[in-house]
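Notes for the structure review
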Amino acid sequence: MQQQGPQHVESMVGQVVREEYGRGSKSERAAVFLEAASGRYLLRRKAGPAFGDAQIDACVGHRVECAGFLLGTTFLAETIRVIE
Amino acid sequence: MDDKIIVTNRAALLRKYGKTGTASIVRAVNKLIAADKKRGIATSLVYLDDAAAMKKLKGVAVQNPADPRENKNAIDAVFKALAPDYLMILGAPDVVPHQDMSNPAYDASGGGDDDPTAWGDLPYGCEAPYSRDPAKFIGPTRVVGRLPDLAGASKPTYLVTLLTIAAGYKSRPGSDYMGYFALSALVWKGSTRASLNNVFGNADKLLLAPPSGPAYKKGELKARMHFINCHGAPASPEFYGQKGGSYPVALDTPSTQGQITEGTVAAVECCYGGDLYDSITLGLDRPIPQSYLGQGAYGYLGSTTIAYGPADGNGSADLICQYFLLALQDGASLGRAALLARQRFADNAAQLDPIDLKTIAQFCLLGDPAIHPIAVAGAEVPKGVALAEAERFSRAERRAKLKQKGEFLARTKATAFQRSKGVRVSATISKALSNIAKAAGIRDGHKFIAYDVKSPAGSAPRGKAATAPSRYHLAIAKSKARDSIPSGIAVVAKELNGRIIGYRVYHQR
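This write-up is about the structure you can find in this document.

Parameters at a glance
Residues numbered from 1 in each chain as written. Chains lettered and ligands numbered in written order. Predicted model: local features only at pLDDT ≥ 70, side-chain atom pairs only at ≥ 80, totals over all residues. Helix = DSSP H or I, 4+ residues; strand = E, 2+ residues; numbered from the N terminus. Buried ≥ 20, exposed ≤ 12 C-beta atoms within 10 Å, placed from the backbone. Contact = placed C-beta atoms within 7 Å. Rg over C-alpha atoms; globule rule 2.2 N^0.38 Å. Core = buried A, V, L, I, M, F, W, Y, C linked by C-beta atoms within 7 Å. Pairing = 2+ DSSP bridges. Axes fitted to C-alpha atoms, helices over the stretch in contact; angles between N-to-C directions. Expected span 1.5 Å × (residues − 1). Arc of directions from axis to C-beta.

**Topic: the overall build of chain B**
Across its full length, chain B holds 13 helices and 20 strands. Principal axes of the C-alpha set define a box for chain B whose edges measure 70 × 60 × 50 Å. The burial tally for chain B puts 56% of its 509 residues in the buried class. Contacts in chain B between residues at least 24 apart in sequence constitute 74% of all its contacts with a sequence separation of at least 6.

**What to know about the overall build of chain A**
Per the secondary structure count, chain A includes 1 helix and 5 strands. In sequence order, the secondary structure elements of chain A are arranged as β-β-β-α-β-β. A compact globule built from 84 residues should have a C-alpha radius of gyration of about 12 Å, and chain A, at 12 Å, falls within 12% of that. Overall, the C-alpha framework of chain A stretches about 35 × 30 × 25 Å when taken along its three principal axes. Counting all 84 residues of chain A, 45% fall into the buried class. Here the contacts in chain A between residues at least 6 apart in sequence split such that 44% fall between residues at least 24 apart.

**Focus: the nonpolar core**
Membership of the largest hydrophobic core comes to 186 residues, with the highest contact counts inside it found for A:Phe75, B:Val7, B:Phe227, B:Cys230, B:Phe324 and B:Val491. Per-element tally for this core: the top contributor is helix H9 (residues 317–329) of chain B, with 9 residues. Not counting residues within four places of it along the chain, the set of residues in contact with B:Phe324 comprises B:Ala267, B:Leu301, B:Ala337, B:Ala338 and B:Ala341.

**Considering the sheet that holds strand E3 (residues 39–45) of chain A**
Residue and element names in this part refer to chain A. Read around the closed barrel, 5 strands run E1-E2-E3-E5-E4, paired in mixed fashion. Going from strand to strand, the sheet's axes swing by 55° on average, the running direction of each strand aside. Note that E3 and strand E5 (residues 74–82) share 4 bridges and pair parallel. Note that in E5 the partner of Arg 45 across the bridge is Ala 77.

**Section: helix H13 (residues 427–440) of chain B**
Spacing of three or four residues puts side chains on the same side of an α-helix, whose turn is 3.6 residues. Residue and element names in this part refer to chain B. Taking 1.5 Å as the rise per residue, H13 with 14 residues should run 20 Å; its terminal C-alpha atoms sit 20 Å apart, in good agreement. When H13 is considered as a whole, its buried residues turn out to be Ile 429, Leu 433, Ile 436, Ala 437 and Ala 440. All buried residues of H13 lie within an arc of 100° about the axis, which places them on one face of the element. Residues of H13 that are exposed and angled more than 90 degrees away from the buried face: Ala 427, Thr 428, Lys 431, Asn 435 and Ala 439. Positioned one or two residues after H13, Gly 441 has a phi angle of 85°, which is positive.

**Things to note about the interface of chain B and chain A**
Each partner contributes residues to the interface: chain B has 47 residues there, and chain A has 27 residues. For the side of chain B that touches chain A, the secondary-structure elements that each account for two or more residues are strand E10 (238–240), helix H7 (279–282), strand E18 (471–478) and strand E19 (488–496) of chain B.

**What about the pairing of strand E2 (residues 29–36) of chain A?**
All names here are of chain A. Both strand E1 (residues 7–21) and E2 contribute to a ladder of 8 bridges, which runs antiparallel. Across the sheet, residue Glu 19 finds its bridge partner in E2, namely Ala 31. Two successive antiparallel strands, E2 and E3, enclose a turn made up of 2 residues.

**Thoughts on unusual backbone geometry**
Residues and elements named next belong to chain B. Residue Pro 211 follows Pro 210 across a cis peptide bond; omega there is 15°. With respect to the secondary-structure elements, Pro 211 resides in the loop between strand E8 (206–209) and strand E9 (225–229). A cis amide bond links Gly 213 to the next residue, Pro 214, at an omega of -5°. For Pro 214, the position within the fold is in the loop between E8 and E9. Phi is positive for Lys 58, close to 60°, though the residue is something other than glycine. Along the polypeptide, Lys 58 turns up in the loop between helix H2 (51–56) and helix H3 (68–82). Although it is not a glycine, Tyr 272 adopts a positive phi angle of roughly 60°.

As structure tokens, this is what we get:
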């Protein structure tokens, strides 16, 4: 939930990692994060499922450039380009 | 004297809808006011940003619609001046914001609770002044609900529809709310069954995901009571089931289309199940709660952020959802049912630990709080007394009781919100916590965070040895694999007189 609304981001570069998320809660799972210079964000595709997105999973371990929307601690990516 | 006040922000509506769109919303509000009048409810609209109107109420007009403090102060002024029996917030958080309570369970190190803020409308229902500390709002006294438009919208159609539904609502016999639609992630079936047994006396109709969802046969969701206990995510029009490491979609916005019966009331435990995200800007399907309301649902109780519940039995999100539905079954209005649920939740906890505080803060009622989904037979009215007058008197009695209860809770309930500073954990406690962690299946390397218990001034017992915990210890951690499935655990341990004297375990379900 982000009260200020979504912020469009033209480009965010970072490392994609898999880590635990929401420990002990109803959301808990191994989730995929984007570790960028500005912070660590839960990474999702805007057009993909919030849980178990194979296309997001394939980015783990890669450095990527994303464009999309920032919503609090979540990054909803419209495009993801693998850099390395 | 007004029984019900609708509050909104005119500047914010104008910014979203322009003059013409805002005018159509005001016309729909006036129709609701006229419909309320026929039901014996005197309703008025107050613009929180109207300087003259707010001055009359001895308040200060909201300058910045997004500012939680300004909005809290303005709504408090409305309550002090008008003491309405119902307060309806008109608009999504980009018109009147949720309050920005700090989340006591937030873990900045990552991996734990990811929500810095437990957004919610709870403070609007409390007399305590603006604060970010949810522990200040454990004694709600006011009947409050929110009829949300679509965040980011520019066309007023959706909000006009919701206002029209509220204006035309009908109370129905309790038998119309005996059936239910219940959906649970497979892994949480035990807990959901317990919830359904508590509310409906059976769990026969429980659907589990997988295999259920996301598509449902026509009529499968037609019951007017809905109870959903699945996974959810921020800005997502989907709820998810779970079997092992698989999280299939259990329900989504498209699958609700044409399936929601007029008068439906939903209690939804899912994380972010009440997140009113901006589906317009994001280009996503509208939030599930807003799909429900747009199709004629009267009310929806859901969480703005990550929610909690234990593995076995019920707790936290399970309880507040159950209490809401049980109050409705007794004939309460949507708003009173939400208030009763909050009060009962606070009352049933000896002390509110960090997870309890987040739970009470994050669950919001979406819907016109004055709607009574279930009709109850009224008391006999003496000759010469108007029905509306008699009902107003009965309502005043109920409100007085709720006020007393809320004030009592605020005066007496201890909370554990503040993290202990410079606390040195004794070897005895350290050992006990380690044993509890081990018993709960927490992997090595866990960390407990200590919270001081704070009792309201004058409420602590005197002249006797302390009998209530003085500190809570919270660990949110990954458990050891169980059935090859790693699961998450939150352990809340209670400390009294230098010893750990009890603990609760919440699992990912």
